[in-house]
Amino acid sequence: MKFSEFADLPIVDCHVHIHPSRISSEDDLEDEAETLKELIKGGYLTQIYISAGALGLYLKIKYPGLFYAGCPLPNPETSKKVNWNRYLNLMMEAGFDGVGEIVSKPAPRGERVPLDDPYYEGLWSTCESRGYAVLCHVADPEEFWDERLIPNWAKERGWAYYGDDYPSKEELYSEMENVLDDHPKLKIVLCHFYFMSANLEGLSRFLDSHKNANLDLALGIELIHNISKRRDDWRTFFIRYCDRILFGTDIGVSRTLQQHLDRVWLIRNFLESDEEFYTPSTADWLLTRYSEPFRGLNLPNHVLKKIYSTNFRRLWGAEPRSVKVDLAASVCEETDDKLATSLLKTMRGL
Ligand SMILES: [Zn+2]
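### A word on the overall build of the chain
Secondary structure assignment for the chain yields 13 helices and ten strands. In terms of overall dimensions, the chain is globule-like: its C-alpha atoms have a radius of gyration of 19 Å, near the 20 Å expected for 350 residues. Referenced to the eigenvectors of the C-alpha coordinate spread, the extents of the chain come out at roughly 55 × 45 × 40 Å. Burial status across the chain gives 43% buried among its 350 residues. The long-range fraction of contacts in the chain, counting pairs at least 24 apart against all pairs at least 6 apart in sequence, stands at 77%.

So, in structure tokens, the structure goes:
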């Protein structure tokens, strides 16, 4: 299907980044902001939740109403004791809308702080009691633990976890599940379908036993590949759990406007069409892994509506919070982002 043939519905993308390596000057940021604006227009998006540290606040001020921004977490190595209640309340008051993307990818045991470590307890309890929604990436595709199955591009990025020193996928899940069990009212969206697209029954059991958990559809292209293989069963799953699934793209892993649009198109065509289709030739290389075609789910409109915006707004609110520029400039200093701090200080001066 073409973009113009997709359902005419509000769409919030809950999973977008600005890659920090792309921004070294104010001009870079202007270019990136312009690209995101074009993406919203060309991709028929209504709003974006951006995880880009303090730059998210800058975008919120520049384009009021278009961006929700996720608050970054302090680096555990440099901030051993965080007063989470103080930190998060201040960040939200400054204008952030939620927390994360928090990333709990596998890393050697000595280098990582598990999500259920006492270090994070105040984070989860504050988010639960204050209703701050969290976007959280746990684990990675299971092939990355298997020397025979891991794709080369993942190996090149250092995403190979078959050494003894790495936690297993199951360990990462049990850390997250401890948090979900201890904080039943926590509002949380687990990225990339919780990397469970190869296990429909397991994911159903997980959602049934953790009523607070939601999933986003950000690629990993293995997600569309795995679901296409059991298309009819998964279609039933999407309809059954339509209150728990959110539209997301992981734009920012992609680099150009065309690559960003390809990510939006892939997920929309997957949800809306009945077609057999392939990754577009213009898409970013992370999406070019399979030669078999994917198969669209052809979901009904009331399901699409929930996935595209209703679920997001239930968790993050109907509109983005407004930014308090004065406060934003001072809290940015806590995020270690020099460019955003100086920009916000300039804005405060205007
Ligand atoms: Zn992400």
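### Focus: the nonpolar core
Looking at soluble globular proteins, one finds that nonpolar side chains tend to be buried together. Ranked by size, the top nonpolar core spans 93 residues in total, and within it I50, L55, L57, V134, L190 and F247 carry the most contacts. With seven residues, the single largest contributor to this core is helix α10 (residues 257-272). Those residues in contact with L190, other than ones at most four positions away along the chain, are C136, V138, A213, N214 and L215.

### Notes on helix α6 (residues 169-182)
Across its 14 residues, α6 extends 20 Å between first and last C-alpha, which sits within 8% of the 20 Å expected from 1.5 Å per residue. Residues of α6 that are buried: L172, M176, V179 and L180. Down the axis of α6, the buried set is contained in an arc of 100°. They therefore lie on one face. Exposed residues pointing more than 90 degrees away from the buried face of α6 are listed as E170 and D181. In the core, the buried residues of α6 are packed alongside β4 (98-104), α4 (121-130), β5 (134-138) and β7 (213-216).

### Concerning the environment of S129
With respect to the element layout, S129 can be found in helix α4. For the pair S129 and R268, spaced 139 residues apart in the sequence, the C-alpha separation amounts to 34 Å.

### What to know about the packing of helix α3 (residues 84-94) against helix α12 (residues 325-332)
At a minimum axis separation of 8 Å, α3 and α12 run at an interaxial angle of 135°. Our classification of the angle between α3 and α12 gives oblique. Where α3 crosses over α12, the handedness of that crossing is left-handed. Two secondary-structure elements touch here, α3 through L90, M91, E93 and A94 and α12 through L327, A328 and V331. Along the lines of polarity and charge, the residues of the contact of α3 with α12 split into six nonpolar, no polar and one charged.

### Concerning the pairing of β4
Among the seven residues in β4, five count as buried, and that is most of the element. Judged from the two bridges that link them, strand β3 (residues 67-71) and β4 form a sheet pairing that is parallel. Paired with G70 across the strands is G98, a residue of β4. As paired strands, β4 and β5 are joined by four bridges and run parallel to one another. Considered in β5, the bridge of I102 is made with C136. Taken together, β4, α4 and β5 form a β-α-β motif whose crossover is right-handed.

Conventions we followed
Residues numbered from 1 in each chain as written. Predicted model: local features only at pLDDT ≥ 70, side-chain atom pairs only at ≥ 80, totals over all residues. Helix = DSSP H or I, 4+ residues; strand = E, 2+ residues; numbered from the N terminus. Rg over C-alpha atoms; globule rule 2.2 N^0.38 Å. Buried ≥ 20, exposed ≤ 12 C-beta atoms within 10 Å, placed from the backbone. Contact = placed C-beta atoms within 7 Å. Core = buried A, V, L, I, M, F, W, Y, C linked by C-beta atoms within 7 Å. Expected span 1.5 Å × (residues − 1). Arc of directions from axis to C-beta. Axes fitted to C-alpha atoms, helices over the stretch in contact; angles between N-to-C directions. Parallel < 35°, antiparallel > 145°, perpendicular 65-115°, else oblique. Left-handed = near helix turned anticlockwise from the far one by under 90°. Nonpolar A, V, L, I, M, F, W, Y, C, P; charged D, E, K, R; others polar. Pairing = 2+ DSSP bridges. Right-handed = clockwise from strand over helix to strand, strands pointing away.

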